[in-house]
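# Understanding the architecture of this molecule
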Amino acid sequence: MVAAMKAKDKVRLGVTRLVLGELKNAASRGGAHEISEEETTAQIKRTLKQTNETLEMSEKAGNNPERTENLREQVAVLESLLPKQVSGDELVSLVERVIAELGATSKKDMGRVMGALTAATNGNFDKPAAVKALCQVAEPVQTAVLASLATLPVLVAHGMAASLVGVLCNLL
């Protein structure tokens, strides 16, 4: 906050004061305790979400471009206060590791995998990218299962391989 004051950065100063005020309010509601890093991050995320919603409404209204620009600056400051999100190759390798640890083999395990990712990163990961990576990692497993089923002579002899493969594709 002192750095924002010295730099005369009104937006950063205002956002910092807002977050600090919210943290003090949360601390007073929850009793006298030390505010943890997780609580601080959660408060910044809540404030960011509220500011994003206000920004969307301001953009839709389109009648106050100055306010809209101020909200965009606030969003940028709030995003800079958050820890870096896990994404890209790092996220893919983390997804692969979690799938291996949990032994996940189908879409039914997606919730467990996402929960483990959330725990491993404290929720600081790109969720849509994680789902995409999860599907990419799960696809080779699905292909291997289907290939092994298609080679079963009994199923092929009875003409059931194609229907069983179709059912398994829907399950996976």
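On a predicted model such as this, the values are computed, not experimentally measured, just so you know.

### Section: the overall build of the protein
Per the secondary structure count, the protein includes nine helices and zero strands. Reading the protein from its N end, one meets helices and strands in the order α-α-α-α-α-α-α-α-α. For the protein, buried positions account for 27% of its 172 residues. At a minimum sequence separation of 6, the contacts of the protein that also span at least 24 residues come to 50%. Counting only carbon and sulfur atoms, one obtains 58% of the accessible surface of the protein, whose full area is about 11,200 Å².

### Section: the environment of Glu38
Turning to its location among the elements, Glu38 is positioned in helix α3 (residues 37–61). On the basis of relative accessible area, Glu38 is assigned to the exposed category, the value being 52%. Along the chain, Glu38 and Asn122 lie 84 residues apart, while their C-alpha atoms are 8.0 Å from each other.

### Describing the side chain of Thr16
Among the secondary structure elements, Thr16 is positioned in helix α2 (residues 10–29). What makes Thr16 buried here is its relative accessible area of 16%. A distance of 2.7 Å separates the side chain of Thr16 from the backbone oxygen of Arg12, its partner in a polar contact.

### A word on the pattern of salt bridges
One pass over the full model with this rule turns up two salt bridges. Between Arg72 and Glu59 there is a salt bridge whose closest N-O contact spans 3.0 Å. Here Arg72, found in helix α4 (residues 65–81), pairs with Glu59, found in helix α3; they are 13 residues apart in sequence, far enough to count as distant. In this structure Glu59 comes out as partly exposed when scored by relative accessible area, which is 40%. A salt bridge links Arg72 to Glu69; its shortest N-O distance comes to 3.4 Å.

### Description of the packing of α2 against α4
With their axes 9 Å apart at the nearest point, α2 and α4 run at an angle of 60° to one another. One way to sum up the angle between α2 and α4 is to call them oblique. Judged by the sense of rotation from one axis to the other, the crossing of α2 with α4 is right-handed. Taken together, the residues of α4 that come into contact with α2 (itself represented by Val11, Arg12, Val15 and Val19) are Asn70, Glu73, Gln74, Val77, Leu78, Ser80 and Leu81. When the residues that make up the contact of α2 with α4 are grouped by side-chain class, the tally is six nonpolar, three polar and two charged.

### Topic: the confidence of the model for the protein
Summarising the model, the protein shows a mean pLDDT of 75, and 72% of its residues fall at 70 or more. Highest mean pLDDT in the protein belongs to α4 (89); lowest belongs to helix α8 (residues 153–157) (46). pLDDT under 50 marks residues 152–162. Its contacts with residues more than four places away, or in other chains, come to six contacts. Below a pLDDT of 50 lies the segment residues 164–172, which in the model reaches 14 contacts outside its immediate sequence neighbourhood of four places, other chains included.

### Some words on the nonpolar core
Counting 15 residues, the largest nonpolar core has Leu91, Val95, Ile99, Val113, Leu117, Phe125 and Ala130 as its most contacted members. Only α5 (88–102), α6 (110–121) and α7 (127–150) provide two or more residues apiece to this core. Counting residues per element, this core draws most heavily on α5, which supplies five residues. Within the second largest apolar cluster, twelve residues are counted, among which are Ile44, Leu48, Leu78 and Leu82.

Scoring rules and cut-offs
Residues numbered from 1 in each chain as written. Predicted model: local features only at pLDDT ≥ 70, side-chain atom pairs only at ≥ 80, totals over all residues. Heavy atoms only, no water. Helix = DSSP H or I, 4+ residues; strand = E, 2+ residues; numbered from the N terminus. Buried < 20%, exposed > 50% of the residue type's maximum accessible area, 1.4 Å probe, protein only. Contact = heavy atoms within 4.5 Å. Areas by Shrake-Rupley, 256 points an atom, 1.4 Å probe, with all protein chains shown as cover. Polar contact = N/O pair within 3.5 Å; in protein donor to acceptor, adjacent residues only side chain to side chain. Salt bridge = Lys/Arg side-chain N within 4 Å of Asp/Glu carboxyl O. Axes fitted to C-alpha atoms, helices over the stretch in contact; angles between N-to-C directions. Parallel < 35°, antiparallel > 145°, perpendicular 65-115°, else oblique. Left-handed = near helix turned anticlockwise from the far one by under 90°. Nonpolar A, V, L, I, M, F, W, Y, C, P; charged D, E, K, R; others polar. pLDDT = per-residue confidence, 0-100. Core = buried A, V, L, I, M, F, W, Y, C linked by side-chain atoms within 4.5 Å.

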